[in-house]
Amino acid sequence: MDVNAAVAAAAAIAGVLTGVIAMLAFRWSEREQNRPTRSSLHTDAVLPPGVDTVLSVLRSSAVVLDEADAVVKASSAAYALGLVRGGKLAVEPMLQMARDTRRDGEIRQVELDLPRRGTGRGEALAVSARVAPLGSRLVLLLVEDLTEARRIEAVRRDFVANVSHELKTPVGALSLLSEAVMDASDDPEAVERFAGRMQIEATRLTSLVQELIDLSRVQNDDPLEDAEPVRVDELVAEAIDRCRHQAGAKQITMAAGGAADLRVWGNRGQLAAALGNLVENAVNYSPARTRVGIAARTVNAPGGDHIEIAVTDQGIGISDKDKERIFERFYRVDPARSRATGGTGLGLAIVKHVAASHGGEVAVWSAEGQGSTFTLRLPEAGAARDRAHQQPARHERAGGAGLDEEAGRSTPTSPESTAYETLPAPEVLP
């Protein structure tokens, strides 16, 4: 009997302990479920209804902070810009703005320059930050990247300044020469001399205005809208004919060679202007009694065959530091020589944009004192036509003329791979 009582007592105690433990475990589990975790702070549940959807479609980088300055939500662009690191807002001025806005509820906006992530250079990232309250506990930070907009604005200012300077020079010369003609009205020889100079300056002014129009057109028009198969040998013949007078005056021999019956797909007028500019530069910057060669060939490429048109001269050559900038507008290797040859500094910029708009590129090889080889590389007619039909909106246009000022990168190309001497049967055209 005593044994049974002891067993019953032990069972009762065990049952009580089990109930207590179960009750404690239940309350602990309930408390853990109600406790906010780090992951729950980043879920959509803490955001007001609809905010997450709005933030997902914004182009700006978005960051939502709670009352403890912890990041509740951040867009991928915010991480890419380096605004958020380790769950915290990493930019102190923006964090201070968020705290001030949380305190008084006022919307604040500021423009900042931030260091770029992953670069050892001192380039700054220009951003515009706007902070606004989001409900009673949260603060919304929107950051807009202004770097490209500032670059375009700087290019626009430089472009306007360069155009003004280039137009001012011949206009000023015409004004002075007209005064000289009036003062020398009784001297026929002086009048004739000054009138000849006026014609030169007027021609220079006309060329500059025309090239500005051409540059604006190639940047803002889609050349593939009126594209057609264009024979390369016809483009070469037209470019040679365009420079025949200048070459003859300097006794420069022009030779055409390379593969025959090649065709590219594009706007004939723009392609002729681009190749004509390359040949004209070769003639203008070559010494007398030298040789300029134009040759074309087909090269294999992963995206389809390309046509390379190489223009080789025996001129003064281009230094390494100038190769990176020769495709910029108004940039001249030798400004004094450019004035003597009538150059405007826009020819290579036009070539670069024509090549890019046709899905190609232009490269340069040059050595000082040895000459230069400019290679215009364009998709072959069949492959280019197929791509144009598959991707009619292949490239976007920036508003306004003269906005894309990225310097054309010169691809080192050995003269042996593009010079006309390596191509068969050159035809010498006097």
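As the structure is a computational prediction, the values presented were derived from the model and not from experiment.

Time to look at helix α13 (residues 347-357). Taking burial as the measure, the 11 residues of α13 include 10 buried ones, the bulk of the element. The first or second residue beyond α13 is Gly359, which carries a positive phi of 80°.

Let us now look at the side chain of His306. Note on placement: His306 falls in strand β12 (residues 306-312). Sequence-distant contacts of His306, defined by excluding residues within four places in its chain, comprise Arg297, Thr298, Val299, Ala301, Arg377, Leu378, Pro379 and Glu380.

Taken as a whole and assessed by the stated rule, the structure comprises 1 aromatic pair. Here the aromatic rings of Phe327 and Phe374 are separated by 6.4 Å at their centres, their planes lie at 80°, and the arrangement is edge-to-face. With Phe327 in the loop between α11 (320-323) and α12 (335-341) and Phe374 in strand β14 (residues 371-379), this residue pair connects regions lying 47 residues apart in the sequence. On the accessibility criterion, Phe327 (2% relative accessible area) is buried. Its relative accessible area of 9% is what places Phe374 among the buried residues. Residue placement shows Arg193 over the ring face of Phe194; its charged tip is 5.1 Å from the ring centre.

Packed helices, taken two at a time, are described by their axes: the angle between them and the distance between them. Between helix α8 (residues 232-242) and helix α10 (residues 268-284), the least distance of the axes is 9 Å, while the angle of their chain directions is 50°. Between α8 and α10, the crossing angle belongs to the class labelled oblique. The way α8 lies across α10 gives a crossing that is right-handed. Listed contacts from α10 to Glu234, Leu235, Val236, Glu238, Ala239 and Arg242 of α8 are Arg268, Leu271, Ala272, Ala273, Leu275, Gly276, Asn277, Val279 and Glu280. Looking at side-chain class alone, the contact of α8 with α10 contains 8 nonpolar, 2 polar and 5 charged residues.

Contact geometry for α10 and α13: axes closest at 9 Å, N-to-C directions at 140°. Between α10 and α13, the crossing angle belongs to the class labelled oblique. Like other packed secondary-structure pairs, α10 and α13 cross with a definite hand, here left-handed. Contacts between α10 and α13 involve Gln270, Leu271, Ala274, Asn277, Leu278 and Asn281 from the former and Gly347, Leu348, Ile350, Val351, Val354 and Ser357 from the latter. Of the residues that constitute the contact of α10 with α13, the class distribution is 7 nonpolar, 5 polar and no charged.

Mean pLDDT for the chain: 76, with 72% of residues reaching 70 or above. Mean pLDDT values over the elements of the chain span from 38, in strand β15 (residues 427-429), up to 93, in β12. Every residue in residues 35-45 scores below 50 in pLDDT, and together they form 9 contacts with partners more than four places removed in sequence or on other chains. A low-confidence stretch, residues 391-430 stays under pLDDT 50, and its non-local contacts, those more than four residues away or across chains, total 99 contacts.

Turning our attention to the pattern of salt bridges. Tallied over the full model, the rule gives 21 salt bridges. Asp69 is the salt-bridge partner of Arg102, the closest N and O atoms lying 2.9 Å from each other. With Arg102 in helix α5 (residues 92-104) and Asp69 in the loop between β1 (61-65) and β2 (71-74), the pair connects residues that are 33 residues apart, well separated along the chain. A relative accessible area of 25% means that Arg102 is categorised as partly exposed. Among the ionic pairs, Asp113 bridges to Arg150, the shortest N-O distance being 3.1 Å.

Parameters and conventions
- Residues numbered from 1 in each chain as written.
- Predicted model: local features only at pLDDT ≥ 70, side-chain atom pairs only at ≥ 80, totals over all residues.
- Heavy atoms only, no water.
- Buried < 20%, exposed > 50% of the residue type's maximum accessible area, 1.4 Å probe, protein only.
- Helix = DSSP H or I, 4+ residues; strand = E, 2+ residues; numbered from the N terminus.
- Contact = heavy atoms within 4.5 Å.
- Phe/Tyr/Trp six-rings, centres within 6.5 Å; stacked < 30°, edge-to-face > 60°.
- Lys NZ or Arg CZ within 6 Å of the ring centre and 35° of its normal.
- Axes fitted to C-alpha atoms, helices over the stretch in contact; angles between N-to-C directions.
- Parallel < 35°, antiparallel > 145°, perpendicular 65-115°, else oblique.
- Left-handed = near helix turned anticlockwise from the far one by under 90°.
- Nonpolar A, V, L, I, M, F, W, Y, C, P; charged D, E, K, R; others polar.
- pLDDT = per-residue confidence, 0-100.
- Salt bridge = Lys/Arg side-chain N within 4 Å of Asp/Glu carboxyl O.

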